[in-house]
Amino acid sequence: MKKQILICLLGLLCLPISITTAQVADSPGADFLHRSSPSVPFGLRDTHRGGETRSDTLPEQNGLVDHSVAKGQEGESSSASVGPDPGLGNNAVIWGRVSEYSERSQIQLIVYPDYFFTGAKAPRSNHLFLQLQPGNLMEGGYPKDKSFQYNLAAHGTQWFSLSLNDGNPFMELYRIDPNDSIQLFLDLESSYLVFGGKSREQFKLQQGLFELQREQIANTVPTLWTPNPRKVLENPDFAKQRESAISSAGPVLEIRSRDLELLQELEKLDLYSPSGSLKAYWEYIDSYTGKVSESYLDFFRKEVELREWKNYLNQLSGHLRFARRSGEQGDFLDGLLALSREKLDQAEGSLELDLDKRSAAAMDYFAAKMKLWSAVNDEEPLEGISSINLAYWREKFLVRYFYESFGNIPLAEGRLKDFIADMKYSHFAQELRTLESLKGKGVVIEGFEFLDESGNTLQWDKVAKGEVILIEFWISGCKACVAFNEQTLSVLEEKYEGDPRVQVITVSADFDTELWQRSLQSGRYTQSGFTNLYTGKENRNHPFLIRYGISSFPNRILINREGRFIQTSQVPFLAPDLIALIEHELNQNPPKP
């Protein structure tokens, strides 16, 4: 009897909880009923690497942001704030819920106050890890739910991306404006992402455009470009795979050569025709008439137009670069060059008029334009910078190009100074001065802190021993890293063995310690006599790599014992050239008696 009474009491206690949950979910204030229903991007489930949570960097208090790993840490004058703030004013608010049964403890947010390009090297981008809080019953949360909130101070239009830890973004480059308030619900078990909140329509529009883009990619016939398609199919394995593809319901790879037929297709391609790619995007945008402002719709009409032009120009430059590399001559190359010049003129005459300075797509379009200009004229993009007529976009592109490509630009430091001296917009000039202060000769490095094979953390003053020090960055599986070791590092070891003036330090950015140690033992990537270090679990997100823009491998910089840069761009790959540079520095700065 007592047992039955207890069960009844427990049932009565549980009943109000269930009712309360339903009331919260259905209440207009929670706004859970107004949700879009696009699917989660491909690969979303695989973006959480090994359950890594970076527990060593999580704040001890129950705050929402890990300031210790933010690229731009927030201070009193910061453009970002976190946590509940009753006096938000014109701030924009991102609130989110992640639903899954896991031990995931944080989510990565990247904010671009002014968009130059995506990634860790982008100027003024803020990289933040937001701590996920347990689900709140009063927000309609369940035990598997975790939530976060981030408040952006009102400094105009910004762009942001969200990803699960350091994986691929599930929301990439979304526009957010002052006073926007968005609720996002990410269910990883059912694979959906939906939106609520007062700004839901703006975000549903953006998500829908991304879905259309993915649909366009999915419906594009996969193509293998090769000089000799017949030879590919003579391979028995390829022929068998093709037969299997033809018999299935899936797409079938086209195997084609670059020829006059391709040229005719490129000439006929019209983005604005009824069958062109812009039609579907613009019709979708029109469907939001009355839901968001007309100026907002116009902005995204232009964004998709710029994006489609970017894709088209990249297509032209890809074919053109291949044709030049393969030594093609004749009608195809001549026709492709003429078409490329025509399209560059067409875009400059119409597309580049009245660009909105808040645009993100404009930056990517100008990058594609300069790539095609470079391919047409067989020169580096900086030589054609004057083809960007508007000073604002020309100088903004210069910032992007130097930040992305500093290490590959000939005479980068001198050219950087020349451009800075002629710039009209002071804030762009300041961005380049900041880069100069990081990369310039004589600048002292900061943040050198890596692990040795015993797991000890070593800083510069404990490691630096030579007068001239080469630091080489590599990753396992990188063929160019293997080639650099075989062709250059092995030669350096032989030449400077026993010479204390020259030191080589290698730093691996591998994803785990075991992989790094196996690669060390293989001898394929470095020499045993060098100082071999490791980034630790931060791998390619190590603050030193982010600070100095090291995102491709192999990568190398030359430094003296005091930690001052000798050369950061175009440090030679080949042994004779690198040895000549090292010898020059040794002769310029002989050891003090």
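Within any chain, residue numbers begin from 1 and follow the written order of that chain's sequence. Local features in a predicted model are, by the rule used here, given only for residues with pLDDT of at least 70; side-chain atom pairs are given and counted only at 80 or more, and totals for whole chains, interfaces and linings are based on all residues. Hydrogens and water are ignored here; the side-chain numbers use all heavy atoms of the structure.

### Some points on the overall build of the protein chain
Broken down by element type, the protein chain carries 17 helices and 20 strands. The buried label goes to any residue with under 20% of its type's maximum accessible area, the exposed label to any with over 50%, and the partly exposed label to all in between, with areas taken from a 1.4 Å probe on protein chains only. Across the 593 residues that make up the protein chain, the buried fraction comes to 50%. Here the Shrake-Rupley method, with its probe set to 1.4 Å, supplies the accessible areas, and only the displayed protein chains count as covering residues. About 29,300 Å² of surface is accessible on the protein chain, with carbon and sulfur atoms providing 51% of the total. Helix and strand labels come from DSSP, where a helix needs a run of H or I of at least four residues and a strand needs a run of E of at least two; each type is numbered from the N terminus.

### Section: the packing of helix H7 (residues 294–325) against helix H9 (residues 361–377)
Lines fitted to the C-alpha atoms define the axes, with helices restricted to the stretch that makes contact. Angles between their N-to-C directions range from 0 to 180 degrees. H9 packs onto H7 with a crossing angle of 20 degrees between their chain directions and a minimal axis gap of 8 Å. It follows from the interaxial angle that H7 and H9 lie roughly parallel. You can see that H7 and H9 cross each other, and the crossing is left-handed. Residues Glu 303, Leu 306, Arg 307, Trp 309, Lys 310, Leu 313, Asn 314, Leu 316, Ser 317, Leu 320, Arg 321 and Arg 324 of H7 form the contact with H9, whose own contacting residues are Ala 361, Ala 362, Asp 364, Tyr 365, Ala 368, Lys 369, Lys 371, Leu 372, Ser 374, Ala 375 and Val 376. Oblique is the label for any angle not covered by the other classes, which are roughly parallel (under 35 degrees), roughly antiparallel (over 145) and roughly perpendicular (65 to 115). Put simply, a crossing is left-handed when the front helix is turned counterclockwise from the back one by less than a right angle, and right-handed when it is turned clockwise. It only takes one pair of heavy atoms within 4.5 Å for two residues to be counted as in contact.

### Re the environment of Ser 519
Within the secondary structure layout, Ser 519 lies in helix H15 (residues 513–522). Distance in space between the C-alpha atoms of Ser 519 and Gly 477 is 9.0 Å, their sequence separation being 42 residues.

### Points about the nonpolar core
By nonpolar core is meant a set of buried Ala, Val, Leu, Ile, Met, Phe, Trp, Tyr and Cys residues that side-chain atoms within 4.5 Å join together. The biggest cluster of nonpolar side chains holds 76 residues, and the ones touching the most others in it are Phe 397 and Phe 402. Contacts of Phe 397, omitting those with residues within four sequence positions, involve Met 363, Phe 366, Ala 367, Met 370, Ile 385 and Ile 388. Counting 31 residues, the second-largest nonpolar core is a separate cluster that includes Phe 448, Ile 475, Ala 509 and Leu 533.

### Considering the packing of aromatic side chains
Only Phe, Tyr and Trp rings take part, Trp by its six-membered ring, and two of them pair if their centres are within 6.5 Å. Stacked means planes under 30 degrees apart, edge-to-face means over 60, and tilted covers everything else. This model, assessed by the stated rule, comprises 33 aromatic pairs. Ring centres of Phe 195 and Phe 203 lie 6.0 Å apart, and the angle between their planes is 45 degrees; this geometry places the pair in the tilted category. Taken individually, Phe 195 and Phe 203 each receive the classification buried, so the pair is uniform in this respect. Residues Tyr 548 and Phe 565 carry aromatic rings whose centres are separated by 5.4 Å and whose planes lie at 75 degrees to one another, so their mutual orientation is edge-to-face. A residue pair is termed long-range when its members are at least 10 positions apart, and Tyr 548 in the loop between helix H16 (543–547) and strand S19 (555–560) and Phe 565 in strand S20 (residues 565–567) qualify at 17 residues. Clustering of aromatic rings is evident, with ring pairs tying together Phe 116, Tyr 365, Phe 366, Tyr 392, Trp 393, Tyr 425 and Phe 428. Only lysine NZ and arginine CZ atoms are considered, and such an atom sits over a ring when it is within 6 Å of the ring centre and within 35 degrees of the ring normal. For Arg 175, the ring lying beneath its charged end belongs to Phe 299, and the centroid distance is 4.4 Å.

### So, the side chain of Ser 317
Mapped onto the fold, Ser 317 is located in helix H7. Ignoring anything within four residues of it in the chain, the contact list for Ser 317 reads Lys 371, Leu 372 and Ala 375.

### A look at the environment of Glu 453
Within the fold, Glu 453 resides in the loop between strand S14 (449–451) and strand S15 (457–459). As for Glu 453 and Thr 531, which are separated by 78 residues in sequence, their C-alpha atoms are 9.7 Å apart. Those residues in contact with Glu 453 that lie beyond four places of it in its chain are Trp 516, Gln 517, Leu 520 and Asn 532.

### A closer look at the pairing of strand S16 (residues 468–474)
With respect to burial, S16 is a largely interior element, seven of its seven residues being buried. Side chains of S16 alternate between two faces, with Val 468, Leu 470, Glu 472 and Trp 474 and Ile 469, Ile 471 and Phe 473 buried alike. Two strands form a pair only when DSSP identifies at least two bridges running between them. Relative to strand S17 (residues 502–508), S16 runs parallel, the two being bridged by seven bridges. Residue pairing for S17: Ile 471 is matched across the bridge by Ile 505. Tracing the backbone out of S16, into helix H14 (residues 479–496) and back to the parallel element S17 gives a crossover that is right-handed. Pairing analysis gives six bridges linking S16 to S19, with the strands arranged antiparallel. Across the sheet, the residue bridging to Ile 469 is Ile 559, located in S19. Orienting the strands away from the viewer, one traces the path from the first strand over the helix to the second; a clockwise path indicates a right-handed crossover.

### Here's the deal with helix H8 (residues 331–351)
Helix span, as expected, comes to 1.5 Å for every residue beyond the first. Here H8 contains 21 residues, and its C-alpha end-to-end distance of 29 Å stays within 8% of the 30 Å for a straight helix at 1.5 Å per residue. Within H8, burial applies to Phe 332, Leu 333, Gly 335, Leu 336, Leu 337, Leu 339, Ser 340, Lys 343, Leu 344, Ala 347 and Leu 351. Residues of H8 that are buried sit in contact with helix H5 (260–268), H7 and H9.

### A short note on the packing of helix H2 (residues 200–218) against helix H6 (residues 277–286)
Between H2 and H6, the shortest axis-to-axis distance is 10 Å and the interhelical angle comes to 155 degrees. With respect to H6, the element H2 is oriented roughly antiparallel. Crossing handedness for the pair H2 and H6: right-handed. Mapping the contact onto sequence places Lys 204, Leu 205, Gly 208, Leu 209, Leu 212, Gln 213 and Gln 216 in H2 and Ser 277, Ala 280, Tyr 281, Tyr 284 and Ile 285 in H6. Side-chain classes follow a simple rule in which Ala, Val, Leu, Ile, Met, Phe, Trp, Tyr, Cys and Pro form the nonpolar group, Asp, Glu, Lys and Arg form the charged group, and the remainder, Gly included, forms the polar group. Here the contact of H2 with H6 is composed, by residue class, of seven nonpolar, four polar and one charged.

### Some remarks on the pattern of salt bridges
Side chains that carry opposite charge are capable of pairing whenever their charged atoms lie near each other. The salt bridge criterion pairs a side-chain nitrogen of Lys or Arg with a carboxyl oxygen of Asp or Glu, the two atoms within 4 Å. What the rule picks out here adds up to 26 salt bridges. With a closest N to O distance of 2.7 Å, Arg 358 and Asp 356 form a salt bridge. By sharing partners, the salt bridges in this structure join Asp 114, Arg 124, Lys 396 and Glu 431 into a single network.

### Some points on the confidence of the model for the protein chain
Mean pLDDT over the protein chain: 82, with 83% of residues reaching 70 or higher. Contacts of residues 1–88 to residues separated by more than four positions or lying in other chains number 143 contacts, the stretch itself having pLDDT below 50. pLDDT: the predictor's confidence for each residue, scored from 0 to 100.

### Here we look at the environment of Gln 183
Within the secondary structure layout, Gln 183 lies in strand S10 (residues 181–187). According to the relative accessible area criterion, Gln 183 is buried, its value standing at 17%. In sequence terms Gln 183 and Gly 197 are 14 residues apart; their C-alpha atoms lie 5.1 Å from each other.

### Some details on helix H11 (residues 412–421)
Among the residues making up H11, those that are buried are Ala 412, Arg 415, Leu 416, Phe 419 and Ile 420. Looking straight down H11, one finds its buried side chains confined to an arc of 140 degrees; they lie on one side. Pointing more than 90 degrees away from the buried face of H11 are the exposed residues Asp 418 and Ala 421. This arc corresponds to the set of directions leading from the helix axis out to the C-beta atoms.

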